[in-house]
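# A closer look at the structure
The lines below spell out each chain.
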Amino acid sequence: LDYQQASVETTRLLRKHVQQAPEALGVGNADAWEEVLQGSILDQAFVDDLPRSDLVYSYGVLHHTGDVWGALRNIAPLAAVQNGLLLVSIHVAESVDIGDSTSEWLELKKEFNQMLPWEQEQSILAYAIAELGEHTLQCVNASGRPAAALAGGSGRFAQARRCLGEVFGTFAKEARGMDFITDAHDWLGGYPYDWVRTDEVIRFMRREVQPSMKTLQIQHSAVAGFLLTPAVLGESNFFANGQFQGHWASHTPIDLAPGDIIEWQMFDGAADEYVAQGGKLKEHLVEMRSVATGG
């Protein structure tokens, strides 16, 4: 489900292509996509009519709703109480190199959305220079023909294009499946936008939603991925007698290996040992221990 009509139509078109040639596209059976719906996670009546599911997945959108906490509160009950998993990926302040400039970025995002198309193109170019200019110059100079020595604009252009091509060739695999320009539009134009911290999300999902959700794993990349499950499932985190058990034992959701979801006792013991050796746990790990023990 999605709020934007264009996204809904794109998904329906993809579903049609998958149904026609699933093997050629290397994807599963599209008949499993029972419905493609348009709606808002902030629409309580809409959310209440949705079925409870074994796996609820949201990637990189809830912080753009204008009410990230309301979105998290509404999405939590969609995970089935028995064996349900919720995988939510959102931007957290720790995963973005912004320093103390959150307010400045928000102003830039507002400004970008009010620009004329040609002004947005200039901003995209400025963003590309800021992000890739130094790398490109170093790459060109390392080629054996420094940029200053290249005769004519065509020589400089050819070398710069080659260097940028090396970056763009791997960018989509490392940046949420987007090419660089699309990612730039997403970053500069992604508004509304909420900044949150990892420990805030863990605490909120444990104490402020129904059913209460416990965090099984956090993975930081372009966004922070939170794997959660209803707290009523106990502290074993899908382990029984030291072995991964239950509904998710036969397959791994979203490329997460079963061994990545560690048993609570293993995590708690490793944390104690780390602290005993003089280590200091990161804030979100302290919060995970606190909420898991009822703190």
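Structure report, in brief. (Residues numbered from 1 in each chain as written. Predicted model: local features only at pLDDT ≥ 70, side-chain atom pairs only at ≥ 80, totals over all residues. Heavy atoms only, no water.)

This next bit is on the pattern of salt bridges. Within the structure shown, the criterion is met by five salt bridges. Lys110 is paired through a salt bridge with Glu107; the nearest N and O atoms lie 3.5 Å apart. Residue Lys110 and its partner Glu107 are both found in helix H5 (residues 102–113); the two are separated by three residues, about one turn of the helix. Look at Lys110 and you get partly exposed, because its relative accessible area is 32%. Between Asp199 and Arg197 there is a salt bridge, with its nearest N and O atoms 3.0 Å apart. Its relative accessible area of 2% is what places Asp199 among the buried residues. Looking at Arg197, the relative accessible area reads 35%, which means it is partly exposed. Each member of the salt-bridge network shares a partner with another, and the members are Arg197, Asp199, Glu200 and Arg203. (Salt bridge = Lys/Arg side-chain N within 4 Å of Asp/Glu carboxyl O. Helix = DSSP H or I, 4+ residues; strand = E, 2+ residues; numbered from the N terminus. Buried < 20%, exposed > 50% of the residue type's maximum accessible area, 1.4 Å probe, protein only.)

Between Tyr191 and Pro192 the backbone carries a cis peptide bond, its omega angle lying at 5 degrees. With respect to the element layout, Pro192 can be found in the loop between helix H8 (180–189) and helix H9 (198–207). Following Gln210, the chain continues into Pro211 via a peptide bond in cis, with omega recorded as 0 degrees. With respect to the helices and strands, Pro211 occurs in the loop between H9 and strand E3 (213–220).

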